[in-house]
Amino acid sequence: MKTVMNTALEGLSRAADQAERAASRITKTFQGASQAGSGGQDSTPPNPAMPAPAISLSSKPAGISHLDASMWGHDDLPSAIVELKQAEIAYKASAKLIKVADEMQDELLKALD
């Protein structure tokens, strides 16, 4: 029989895995966009005084047509950001479940005293 704590810990683990996958997709998107924008040849560090160029979220930007097509389809940046937010919410919910289960156990032990 599964305990509440086991369920909550599994939820934490799944949420952490989901966050890791989403963060990886976001990183790959930006790495691909920066390599395409510079042609992969510019190794100078970015100037902190100049803002980074904007990347369109709604359509494929001009000049980066050679990027992996999956980046702009199902695995696009907005869906990865949404997945990351879902993982955050799931993680918080599982953490709250652990806290409530702990408080409930404490109250039950007080009732037995």
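Remember, predicted model here, so these are calculated numbers, not experimental data.

Draft legend 1. Looking closely at the pattern of salt bridges. Inspection of every chain in the model, using the stated rule, returns five salt bridges. Here Arg21 ties to Glu83 by a salt bridge, and the two come within 3.9 Å at their closest N and O atoms. Residue Arg21 is found in helix H1 (residues 4-38), and its partner Glu83 is found in helix H2 (residues 77-112); the two are separated by 62 residues along the sequence. Classification of Glu83 as buried rests on a relative accessible area of 13%. Here Lys110 ties to Glu107 by a salt bridge, and the two come within 3.5 Å at their closest N and O atoms.

Draft legend 2. Representation of the confidence of the model for the protein chain in the model. For the protein chain, mean pLDDT is 78; residues scoring 70 or higher make up 64% of the total. Contacts from residues 62-67, a stretch scored under 50 in pLDDT, to residues over four places away or in other chains number nine contacts. Across residues 69-74 the pLDDT falls below 50, and counting only partners more than four positions away or on other chains, this stretch makes 15 contacts in the model.

Each value, and the rule that gives it
- Residues numbered from 1 in each chain as written.
- Predicted model: local features only at pLDDT ≥ 70, side-chain atom pairs only at ≥ 80, totals over all residues.
- Heavy atoms only, no water.
- Salt bridge = Lys/Arg side-chain N within 4 Å of Asp/Glu carboxyl O.
- Helix = DSSP H or I, 4+ residues; strand = E, 2+ residues; numbered from the N terminus.
- Buried < 20%, exposed > 50% of the residue type's maximum accessible area, 1.4 Å probe, protein only.
- pLDDT = per-residue confidence, 0-100.
- Contact = heavy atoms within 4.5 Å.

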